[in-house]
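If you want the building blocks of each chain, they are given just below.
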There are 2 protein chains.
Amino acid sequence: MSLKHATLGLLTYGPASGYDLLQKFRESLANVWPATQSQLYGELGKLAAAGLVTVAAEGPRGRKEYAITPEGSAELRHWLGEVPPAPNRRSEMLLRVFFLGMLTPEQAREYLDDRATVAAELQAELRELATTVDPDSGPLAVYGRLALEWALRFSVMQEEWATWAADEVRRAQEGVE
Amino acid sequence: MSLKHATLGLLTYGPASGYDLLQKFRESLANVWPATQSQLYGELGKLAAAGLVTVAAEGPRGRKEYAITPEGSAELRHWLGEVPPAPNRRSEMLLRVFFLGMLTPEQAREYLDDRATVAAELQAELRELATTVDPDSGPLAVYGRLALEWALRFSVMQEEWATWAADEVRRAQEGVE
DNA sequence: TCGGTCATGTAATGGGTTACATGATTTT
DNA sequence: AAAATCATGTAACCCATTACATGACCGA
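For clarity, every value in this text was computed on a predicted model and none was experimentally measured. (Residues numbered from 1 in each chain as written. Chains lettered and ligands numbered in written order. Predicted model: local features only at pLDDT ≥ 70, side-chain atom pairs only at ≥ 80, totals over all residues. Heavy atoms only, no water.)

Student: Mind showing me how you'd approach the interface of chain A and chain B here?
Tutor: Buried accessible area, meaning the area lost when the parts come together, often serves as the stated size of an interface. Contact with chain A, which involves 61 residues of that partner, is made by 61 residues of chain B. For the pairing of chain A and chain B, the buried interface totals around 6400 Å² over both sides, and the portion due to carbon and sulfur atoms is 69%. Three residues stand out in chain A for area buried against chain B, namely A:Phe98, A:Tyr143 and A:Trp150, and they jointly supply 13% of the buried area on that side. At the junction of chain A with chain B, the criterion picks out two salt bridges. Close ionic contact of A:Arg145 with B:Glu168 constitutes a salt bridge, the shortest N to O distance being 2.9 Å. At the boundary of chain A and chain B, one finds 18 residue pairs in polar contact (both at pLDDT 80 or more). (Contact = heavy atoms within 4.5 Å. Buried area = accessible area lost by both parts, 1.4 Å probe. Salt bridge = Lys/Arg side-chain N within 4 Å of Asp/Glu carboxyl O. Polar contact = N/O pair within 3.5 Å; in protein donor to acceptor, adjacent residues only side chain to side chain.)

Student: Is there a simple way to explain the protein's contact with DNA strand D in this structure?
Tutor: Taken together, 21 residues are adjacent to DNA strand D, and A:Tyr19, A:Gln37, A:Tyr41, A:Lys64 and B:Gln39 come closest. Counted by atom, the contact set of DNA strand D within 4 Å of the protein is 64% sugar and phosphate. Within the side chain of A:Lys64, a nitrogen or oxygen atom sits 2.5 Å from a phosphate oxygen of DNA strand D. Within the side chain of B:Ser38, one N or O atom sits 3.0 Å away from a base oxygen of DNA strand D. Counting only elements with at least two residues in the surface near DNA strand D, the list comes to helix H2 (18–29) and helix H3 (37–49) of chain A together with helix H3 (37–49) of chain B. Residue classes in the surface near DNA strand D are distributed as six nonpolar, eight polar and seven charged. (Near = heavy atom within 4 Å. Helix = DSSP H or I, 4+ residues; strand = E, 2+ residues; numbered from the N terminus. Nonpolar A, V, L, I, M, F, W, Y, C, P; charged D, E, K, R; others polar.)

Student: Help me understand the side chain of A:Ser2 in this model?
Tutor: With respect to the secondary-structure elements, A:Ser2 resides in helix H1 (residues 2–11). With near-sequence residues (within four places) excluded, A:Ser2 lies in contact with A:Trp33, A:Trp79, B:Glu92 and B:Leu95.

Student: Can you help me understand the packing of H2(A) against H3(A) in this one?
Tutor: To describe two helices that pack against each other, one gives the angle between their axes and the distance between the axes. Residues and elements named next belong to chain A. At a minimum axis separation of 10 Å, H2 and H3 run at an interaxial angle of 125°. With respect to their mutual orientation, H2 and H3 come out oblique. For the pair H2 and H3, the sense of crossing is right-handed. Of H3, the residues touching H2 (which contributes Gly18, Tyr19, Leu21, Leu22 and Phe25) are Gln37, Leu40, Tyr41 and Leu44. Classifying every residue of the contact of H2 with H3 by side-chain character gives seven nonpolar, two polar and no charged. (Axes fitted to C-alpha atoms, helices over the stretch in contact; angles between N-to-C directions. Parallel < 35°, antiparallel > 145°, perpendicular 65-115°, else oblique. Left-handed = near helix turned anticlockwise from the far one by under 90°.)

Student: Would you mind showing me how to read the relation of the copies chain A and chain B here?
Tutor: The operation linking the two copies of the chain is a rotation about an axis combined with a translation along the axis. Expressed as a screw transformation, the operator carrying chain A onto chain B has a rotation angle of 180° and an axial translation of 0.0 Å, and the superposed copies differ by an RMSD of 0.1 Å. Both copies of the chain, as the preceding transformation shows, are related through a two-fold rotation axis. (Least-squares fit on C-alpha atoms with pLDDT ≥ 70 in both.)

Student: I would appreciate a short explanation of the pairing of strand S2 (residues 64–68) of chain B in the present structure.
Tutor: Every other side chain in a regular strand lies on the same face of the sheet, so the side chains alternate between the two faces. Residue and element names in this part refer to chain B. Of the strand pairs in this sheet, strand S1 (residues 53–58) and S2 are connected by five bridges, and their pairing is antiparallel. Within the sheet, the bridge partner assigned to threonine 54 lies in S2 and is alanine 67. Counted between consecutive antiparallel strands, the loop separating S1 from S2 contains five residues, among which arginine 61 sits at a positive phi close to 60°. (Pairing = 2+ DSSP bridges.)

Student: I keep staring at the protein's contact with DNA strand C and nothing clicks. Help me out?
Tutor: Not every one of the 22 residues close to DNA strand C is listed here, only the nearest: A:Gln39, B:Tyr19, B:Gln37, B:Tyr41 and B:Lys64. Restricting attention to atoms of DNA strand C within 4 Å of the protein, one finds that 67% of them are sugar or phosphate atoms. A distance of 2.6 Å separates a base oxygen of DNA strand C from a polar side-chain atom of B:Gln37. Listing elements by their share of the surface near DNA strand C, those giving two or more residues are H3 of chain A together with helix H2 (18–29) and H3 of chain B. Considered class by class, the residues forming the surface near DNA strand C number six nonpolar, nine polar and seven charged.

Student: Looking at this structure, I do not really get helix H1 (residues 2–11) of chain B. What am I missing?
Tutor: Three or four residues apart is the spacing at which side chains of an α-helix point the same way, because the helix has 3.6 residues per turn. Of all ten residues in H1(B), ten are buried; the element is thus mostly enclosed. All buried positions along H1(B) are accounted for by B:Ser2, B:Leu3, B:Lys4, B:His5, B:Ala6, B:Thr7, B:Leu8, B:Gly9, B:Leu10 and B:Leu11. Where H1(B) is buried, its residues touch helix H5 (92–98) of chain A together with H2, H3, S1, S2 and helix H4 (70–82) of chain B. (Buried < 20%, exposed > 50% of the residue type's maximum accessible area, 1.4 Å probe, protein only.)

Student: Explain helix H6 (residues 105–132) of chain A to me, please; I cannot follow it from the model alone.
Tutor: A rise of 1.5 Å per residue sets the reference length of H6(A), with its 28 residues, at 40 Å; its end C-alpha atoms lie 41 Å apart and thus fit the reference within 8%. By the burial criterion, the buried members of H6(A) are A:Ala108, A:Arg109, A:Tyr111, A:Leu112, A:Arg115, A:Ala116, A:Ala119, A:Gln123 and A:Leu126. (Expected span 1.5 Å × (residues − 1).)

Student: Can you help me understand the packing of aromatic side chains in this one?
Tutor: The description of two aromatic rings rests on the distance between their centres and on the angle between their planes. Per the stated rule, a full pass over the model turns up five aromatic pairs over all chains. Aromatic pair A:Trp150 and A:Phe154: ring centres 5.2 Å apart, planes at 5°, arrangement stacked. Placement of the pair is A:Trp150 and A:Phe154 together in helix H7 (residues 138–176), with a separation of four residues, close to one helical turn. Among the aromatic residues, ring-to-ring pairing joins A:Trp150, A:Phe154, B:Trp150 and B:Phe154 into one connected group. The side chain of A:Arg90 reaches across the aromatic face of B:Trp33, ending 5.3 Å from its centre. In this structure, A:Arg96 is placed above the aromatic ring of B:Trp79, and the distance from its NZ or CZ to the ring centre is 4.0 Å. (Phe/Tyr/Trp six-rings, centres within 6.5 Å; stacked < 30°, edge-to-face > 60°. Lys NZ or Arg CZ within 6 Å of the ring centre and 35° of its normal.)

Function cannot be read off these values alone, since they describe shape.
Printed below as a string of structure tokens:
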């Protein structure tokens, strides 16, 4: 149900075509809620049918510029304020951890060490990104900074955990030998 | 593609029926990779057709006991060791953060404070769970502990972040007034 | 014999991904 | 004139969820 709200949310920054929105998805929401072209055009059709957005203008090449309606805005606010967010229920990374016993301890450690490395790399990218983001460009930047900080803390946590876990495996291995 | 590997993984602990596996999914994998009954029976059919599992025995009430084949075991190990895990690409919680500007600062803070509360509650449950888990029951417990620790660290991080973020909103609000 | 639980299956629906398909407009 | 970009739409497929449907076996 969240593509709907992501779309409405982006439209609160002003009217836009499907094509425009697609770019906004790629630029700003790629890491929290990606959307494909195919999906987005379908969603815009549904939102228009439901009266949450309207075609405010038509341009060249069949361009349709969508605008959020008061109903759409109300729906977005309702979702933000009243509907409790659904936590992520799946983690492929952790699923693998459950079955690491199928590998040799060496391979298990390698997996965990790789997680630590990937997390460290992500951290570096995020820190880089943090310096390039204009601290006061638009309202998205205010809350976008909070999201960036979350990602930073997440990757730190992941790196520390993976390092610790690799060590635990090492310890268990030595204990057995 | 991961239901396949979750199923194969559970079958490495011994042959089981769809019914049995469903309970294992609920007991141990509920928080990393949930599966519904409908989905699981379909998957077992596909795995059998692909030769990754076989019907090792048939029992009363049409019970089919599945066992992992050498091919299935190879596939599982290949997935664990050679296929890089796909990170979670979507976070409803963070998507909402991007649009918190649509709410009043008070409501935005409330949202973040709620995240902190929920994270703290989760933490308490996990700590409780940690005490009840037998430290040396089977191989799943060894790596299950790593997953539990991840969840614990995650909820700590989330609580700290949400508290910090609520404070940032407060500060921004005061700065403007 | 009655209720619980064991046990399997199908159908409908929704969300997501990839690929196919087409064409107008602008820029070089 | 050609290439890049703008712009929309559809079809096929996979995965997941909910609901429906059925019936055998076991213990009290």
